[in-house]
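# Notes for the structure review
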Amino acid sequence: MQLCSIASSSSGNCIYVGTENTSLLIDVGISKKKIVAGLKEIGIDPNEINGILITHEHSDHIKSIGVISRAYSIPIYATKGTIEQIKNDKKLGDIKSELFIEIVADKGFVINDIFIEAFNISHDAAEPVCYNFLKGDKKISIATDLGCYNDYIKEKLKGTNILFIEANHDKKLLEVGPYPYFLKRRILSDLGHLSNEASGKLIADVLHTELKHIILGHLSKENNFPELAFESISLELKESDCEYLNDIKIAIANSDGFIKPVKL
Ligand SMILES: [Zn+2]
Ligand SMILES: [Zn+2]
């Protein structure tokens, strides 16, 4: 299995997860042109995509769902609440209803050779989820857009080999930054986004010897920057006294969010 971040930031998200036989996109919150270019970069033809998995209906995750699904007729996997929101969003244009496949959190499903499990996250959307991807004894997890985490989330991320995790903002930068008060409150709330510090703590909680790659994503352009996210998270991990910290590779999504494929 491999994961490639095509784009990841507060302005647009799209991640590729695939095997030799299966190609999936998680969220399509950037233009079709950028998605096609990103896929080309890793040698994937958009016609090969077997499914689009949506985490939630915010525009940085679904912006081109209409255009992409009309161009390539790709099945769209999402929760009931998310599907309703997508259908009600007039900006997206018509999407054939037979393309929608309703999924349920904590109930696994299979696309070709990948077993997928959606899990609930705490975010201000209708029915948001994140995803685990399993093949054989390998596991990839994506955990973005969560305002807080609990034992349920920790349990879901347990044993993962590649963890794509949100490091959205630096709390201090956000507090003194240009965002209006209501937006600051939203981001900092339990239904908002994980700060660098919270993200570091969550990673420390799920560390294990087989966690080989950590990718920090969904960075805010206004309230974070890659070096700061990396430093804050490294600090949290050092405090956790993890003995095998040097074996773990940490990558960070820059402003475009493109990160070369990470393979297992
Ligand atoms: Zn969101
Ligand atoms: Zn988002």
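Look above for the structure.
The rules we used
Residues numbered from 1 in each chain as written. Chains lettered and ligands numbered in written order. Predicted model: local features only at pLDDT ≥ 70, side-chain atom pairs only at ≥ 80, totals over all residues. Heavy atoms only, no water. Donors = N, O, S within 2.8 Å, 3.2 Å for Na, K, Ca; no water. Tetrahedral: all angles 85-135°; square planar, octahedral: opposite > 155°, others 65-115°. Helix = DSSP H or I, 4+ residues; strand = E, 2+ residues; numbered from the N terminus. Buried < 20%, exposed > 50% of the residue type's maximum accessible area, 1.4 Å probe, protein only. Expected span 1.5 Å × (residues − 1). Contact = heavy atoms within 4.5 Å.

## Topic: the coordination of the zinc ion (ligand 1)
Around the zinc ion (ligand 1), the donor atoms from the protein are His56 (NE2), His58 (ND1), His123 (NE2) and Asp145 (OD), and they sit 2.1 to 2.8 Å away. Note that the zinc ion (ligand 1) binds four donor atoms; their angles at the metal cover 86 to 177°, and the shape is irregular. All donors of the zinc ion (ligand 1) come from a single chain, and their spacing in sequence reads H-x1-H-x64-H-x21-D. The distance between the zinc ion (ligand 1) and the zinc ion (ligand 2) comes to 3.5 Å, with Asp145 serving as a donor to both metals. Separated by 87 residues along the polypeptide, His58 in the loop between β4 (51-53) and α2 (59-62) and Asp145 in the loop between β10 (138-143) and α5 (151-157) bring together distant segments of the chain. A residue is classified by how much of its surface remains accessible, and His58, at 21% relative accessible area, is partly exposed. Using a relative accessible area of 1% as the deciding quantity, one classes Asp145 as buried.

## Concerning the coordination of the zinc ion (ligand 2)
Every protein donor of the zinc ion (ligand 2) is accounted for by Asp60 (OD), His61 (NE2), Asp145 (OD) and His218 (NE2), and the metal-donor separations fall at 2.1 to 2.2 Å. Geometry at the zinc ion (ligand 2) is irregular, judged from its four donor atoms and the angles of 91 to 168° they form at the metal. Each donor residue of the zinc ion (ligand 2) belongs to the same chain, with the gaps between them written as D-H-x83-D-x72-H.

## A word on helix α9 (residues 226-239)
When the terminal C-alpha atoms of α9 are compared, their 20 Å separation across 14 residues agrees well with the 20 Å that a helix rising 1.5 Å per residue should span. Regarding α9, the residues found buried are Ala229, Ser232, Ile233, Ser234, Glu236 and Leu237. In this structure, the buried side of α9 is in contact with α8 (196-206), β12 (213-217) and β13 (249-252). Once α9 ends, the next one or two residues include Asp241, with phi positive near 55°.

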